[in-house]
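Residue-level listing of the chains:
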Amino acid sequence: QVRERLKKQVVEMKEKFPGFRPGLAILQVGNRDDSNLYINMKLKAAAEIGISANHIKLPNTATEADVLKCIASLNGDPAVHGFIVQLPLDSDKPINTEKITNAVAPEKDVDGLSSINAGKLSRGDLGDCFIPCTPKGCMELIRQTGIQVAGKRAVVVGRSKIVGAPMHDLLLWNHATVTTCHSKTSTLAEEVGKADILVVAAGKAEMVKGEWIKPGAIVIDCGINHVPDSTKASGKRVVGDVAYSTAKEKASYITPVPGGVGPMTVAMLMQSTVESAQRFLEKFQPGKWNIQYNQLTLKVPVPSDIEISQSCIPKPIDQVAKEVGLLPDEVELYGQTKAKVHLSALKRLKNQPDGKYIVVTGITPTPLGEGKSTTTVGLVQALGAHLHQNVFACVRQPSQGPTFGIKGGAAGGGYCQVIPMEEFNLHLTGDIHAITAANNLVAAAVDARIFHELTQTDQALYNRLVPSVNGVRKFSDIQIRRLQKLGINKTDPTALTKEEVNLFVRLDIDPGTITWQRVLDTNDRFLRKITIGQSPTEKGFSRMAQFDITVSSEIMAVLALSDGLDDMKKRLGRMVVASSKRGEPVTTDDLGVTGALAVLMKDAVKPNLMQTLEGTPVFVHAGPFANIAHGNSSVLADKIALKLVGKEGFVVTEAGFGADIGMEKFFNIKCRYSGLRPHVVVLVATVRALKMHGGGPAVTAGVPLPKEYMEENLQLLAKGCSNLNKQIQNARMFGVPVVVAVNAFKTDTKAELALVVQLAKEAGAFEAVECTHWAEGGKGAVALAQAVQRASQTPSNFRFLYNVELPVIDKIRLIAQQIYGASDIELLPEAQEKVSVYTKQGFGNLPICMAKTHLSLSHDPEQKGAPTGFILPIRDIRASVGAGFLYPLVGTMSTMPGLPTRPCFYDIDLDPASGEVNGLF
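Per chain, the residues get numbers from 1 upward, laid out in the order the sequence is written. Local features in this predicted model are restricted to residues whose pLDDT is 70 or higher, and side-chain atom pairs enter the listing and the counts only when it is 80 or higher, whereas totals over whole chains, interfaces and linings include all residues. With hydrogens and water set aside, each side-chain value is computed from the structure's full complement of heavy atoms.

Student: So what exactly am I meant to see when it comes to the sheet that holds strand β3 (residues 82-85) here?
Tutor: Within a sheet, neighbouring strands are paired by backbone hydrogen bonds and run either parallel or antiparallel to one another. A pair of strands is considered paired only if DSSP assigns at least 2 bridges between the two. Every helix listed is a DSSP run of H or I at least four residues long, and every strand listed is a run of E at least two residues long, numbered separately from the N terminus. Taken together, the 3 strands give an open sheet; going across it, the order is β2-β1-β3, and neighbouring strands pair in parallel fashion. Of all the strands in the sheet, the pair left with one neighbour each is β2 (52-58) and β3. On average, each strand axis in the sheet is tilted by 15° relative to the strand beside it, whichever way the strands run. Of the pairings in the sheet, the one linking strand β1 (residues 23-29) to β2 comprises 7 bridges and is parallel in character. Its bridge partner being in β2, L27 is matched across the sheet by I56. Axes, fitted as lines to C-alpha atoms, cover a helix only where it is in contact. Angles between the N-to-C directions of the axes lie from 0 to 180 degrees.

Student: Please explain the nonpolar core as it appears in this structure.
Tutor: Considering soluble globular proteins, one finds that nonpolar side chains tend to be buried as a cluster. In this structure, F392, F619, F667, L724, V740 and L872 are the most contacted members of the largest nonpolar core, which totals 145 residues. In terms of residue count, the dominant contributor to this core is helix α17 (residues 431-455) (9 residues). The contact rule is simple, with two residues in contact once any of their heavy atoms fall within 4.5 Å. Beyond its immediate chain neighbours, meaning those up to four positions away, F619 contacts V341, F392, A393, C394, V395, P607, N608, L609, A637, I640, A641 and L644. What is meant by a nonpolar core is a set of buried Ala, Val, Leu, Ile, Met, Phe, Trp, Tyr and Cys residues, joined one to another through side-chain atoms within 4.5 Å. Buried residues are those whose accessible area, probed at 1.4 Å on protein chains only, stays under 20% of the maximum for their type, while exposed residues exceed 50% and partly exposed ones sit between those limits. Counting 52 residues, the second-largest nonpolar core is a separate cluster that includes C138, V178, V199 and M268.

Student: What should I look at first to understand empty space enclosed by the protein in this one?
Tutor: Buriedness of a pocket was judged along seven lines, with at least five required to meet protein on both sides within 12 Å; pockets are open sets of points on a 1 Å grid over the protein atoms alone, cavities are sets where a 1.4 Å probe fits but cannot get out, and lining residues have an atom within 4 Å of a point. Grid points are joined across faces, edges and corners, and a volume is the space filled by probe spheres set on the points. By the definition in use, this model includes 3 cavities of 30 Å³ or more. If you add up the space inside the largest cavity, you get close to 50 Å³. Per-element accounting of the lining of the largest cavity gives the leading share, 3 residues, to β3. When residues are grouped by polarity, Ala, Val, Leu, Ile, Met, Phe, Trp, Tyr, Cys and Pro land in nonpolar, Asp, Glu, Lys and Arg in charged, and all others, Gly among them, in polar. Broken down by class, the residue content of the lining of the largest cavity amounts to 5 nonpolar, 1 polar and 2 charged.

Student: It is not clear to me how the sheet that holds strand β5 (residues 177-181) should be interpreted in this structure. Could you clarify?
Tutor: The parallel open sheet is built from 5 strands, whose spatial order is β5-β4-β6-β7-β10. If you trace the sheet from one side to the other, it starts and ends with β5 and β10 (253-254), each paired once. Across 4 bridges, strand β4 (residues 153-157) lies against strand β6 (residues 197-200) in parallel orientation. If you follow V155 over to β6, its bridge partner there is L198.

Student: What is the right way to read helix α33 (residues 808-820) from this model?
Tutor: In an α-helix, one turn spans 3.6 residues; hence positions three or four apart end up facing the same way. Helix span is expected to be 1.5 Å times the residue number reduced by one. Compared with an ideal rise of 1.5 Å per residue, which puts 13 residues at 18 Å, α33 spans 17 Å between its outermost C-alpha atoms and is within 8% of the ideal. Along α33, the positions that sit buried rather than exposed are V808, K811, I812, I815, A816, I819 and Y820. Here the buried residues of α33 occupy an arc of 130° about the axis, which is enough to place them on one side. Trailing α33 by a residue or two, G821 shows a phi angle of about 95°, which is positive. By arc we mean the arc of the directions from the helix axis to the C-beta atoms, nothing more.

Student: Any chance you could explain the packing of helix α6 (residues 133-144) against helix α10 (residues 261-284) here in plain terms?
Tutor: Each pair of packed helices can be summarised by the angle the axes make with each other and by the distance between the axes. Close contact between α6 and α10 brings their axes to 8 Å; oriented N to C, the two are set at 105°. One way to sum up the angle between α6 and α10 is to call them roughly perpendicular. The segment α6 lies against α10, with C133, T134, K136, G137, C138, E140, L141 and Q144 engaging V261, M264, T265, M268, L269, Q271, S272 and E275. Of the residues in the contact of α6 with α10, the class split is 7 nonpolar, 6 polar and 3 charged. To sort the angles, those under 35 degrees are grouped as roughly parallel, those over 145 as roughly antiparallel, those from 65 to 115 as roughly perpendicular, and the leftovers as oblique.

Student: Looking at this structure, I do not really get the environment of Q352. What am I missing?
Tutor: Looking at the secondary structure, you find Q352 in the loop between α13 (344-348) and β13 (356-362). Sequence spacing of Q352 and E862 is 510 residues, and the spatial spacing of their C-alpha atoms is 48 Å.

Student: Hey, could you run me through unusual backbone geometry in this one?
Tutor: Most peptide bonds are trans, and most residues other than glycine sit at a negative phi. A cis geometry characterises the amide bond from V300 onward to P301, with omega recorded as -5°. Note on placement: P301 falls in the loop between α10 and α11 (305-311). Residue P420 follows I419 across a cis peptide bond; omega there is -10°. Along the chain, the position of P420 falls in the loop between β16 (416-419) and α16 (421-425). Backbone geometry places A622, a non-glycine residue, at a positive phi of 70°. Residue position: A622 is located in the loop between β26 (617-620) and α25 (635-645).

See the structure below:
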């Protein structure tokens, strides 16, 4: 009866959560025959019910440390929901049994033997503990008689921790009047005679006589004893603790031995395992999060960003992880406020439905700022802390270069920030440093390979590339891949011909085609053009080179677009660093460095978990440039977040620069590779920025704003809304509804804000909403959040702008004409040559990542509004083959920022007394 019910529950669980199975682990030490028998019974019952049971057997030489290590592993295994240690422990080493049973995680202790579960039972917390299986089975047998336990007189004979003591507590909290007897009880027969319910677990054959039993009593016999019996082949038979033949004449119900309590005990173990699995699903599967939000104390005027950040005490990051349904073994803590999340979380949640996917973008940027990051954080704070939706923000990690330069940090602003903002803006967990190391390893490998090929014969190169170790020469795995790429299907290094050796050892890199540069995460203008190889040891082999800032490295784009370790490794191996003198692409795999890159990036691939000021979760992961790369946070962070929030939840991510750049690349590149489909675009605009697009005067840092931006000017504003109109059209071109967020400033008038809202709706926006989140936190973005909720319920007919199979020139032209408003494109000779080269090399079907100024829809940063009819010049085209796109250069792109006259670092300081960072913004 119990097993059939459990079988049905497991089937229902599997239907609701495809791929899920309750898991039971049984840990055995030694090889006792009786333990083997009991374990086989449990394994058989588990298989019958549909529970995945795992029998772990340690030898009788196992030490206490060995057993504890195994227990720790099972405690952390999310596939194990119930876990028992088979007693007794059959080891020839001293082992403390109580220490072992208490090492089992209480939430997995389906035997109910840990002190925590025993303590909860003793004080009546029956709904929050596991009860030992034998007492639980006894209670089930008592209930099946139909007797009302409450008010009855119960006697328990025996006081063991496994049966007697918990049986007493269980009967007591079911409102029986309970007496516990034992071998020292002088009036045992008298006490037994008073029992309406009698449970015997004394471990002594037929200790309780039939004549002692009260007529009509219920008798549960837990004893298993062997007594001599010459009629049996074994010379013995099994009896209980009760004299069954005489007791059955007086009892209304009595359990036989064997075949009574034993099978029910096994059934209760299965029931506890199923209950544990159900608790696991309730706690860790997508549903309504039980999350603690932080209350903001708003101040007027709004203090500095770092003052606000440091005034808020973040929740411990392991608490945030637990609140959103991450398992302890899926979280790698980096102090109290940040953590990495293992990709195993995505594997565990793979069958769960995704939440709603929201991308935040903006009008064409101006020096006045639009507040995309602030709006992203404000929106998630509103959805989470105020509308109580499951919501995740997924944002890029900022470069340290601008943090110390002129731009400052990128954690949001005002009362909408990722905290702690100094952790966010500085080292975080070291991902950017890992990219720096990986990138520069490739750069070193390129120049070293050129040097060695120029200074050695084929045979000398071969002897060093495939050395003899203890008289044996062997190709490494990556060298086997290179041989296969060359069409040489040999694995014996001695079998290669001279021609094959030449092909293998000579990458024959053309120095003039090297596209791979060294990187540094610091703004340093004097590294924009350098000469390398000037030491005498390099024998005159010098060349011109440069440093870029780390976030411009292709490895950053690879990190952002990878969907797992294996995919990242393949992308790293495909990166093209130069061409050979024969015009063939030379990859990092050809250099033999792919595996080393994967090792350097193995931790960086895990998303970083942080939180907002109001306690909503944030993934901070990857930060590729938005011009020469796609300018979006990682695919992996988005995918994990979408699973965690569940079907009704929201994931809000931000695309770099304006909608014509970051959003277009989000759709055409990121969504193409991730397979994810967005539900809503949030387009951020400000009155001040729109006035600049309408022809407002230029602004200068440190100088008061011209009056056009401080006073009402509806005409200028209406003219500038042409840019807003065009960006709304751009978003709708992809079939996604648009909600406009008008980020309000105190200088904006009601008429100006109303005009932007009106013109946005007329341009096709689903909704346009005034927002005050910078000053009010999530409260100031509630109307925006509600509009996003409504928009997410409408059909999203998402589509790409172009088919990647189109010729390169046609893809570029489509973007230029439809997104920017150009009449046509013009390819300069170098760009035309690259189209031919990349098509010939097999890269013509990659998506396009336009490297264009972010300050205008056109190629001219001075052209504001929505210019049309211009010819877009394409100066050059480059390839990020590992990341998976071609990037045409429209004008000159700086990949190494410089420091201004007065960098931010003048204001940044450390308080040695408190350890606090000051001056960041």
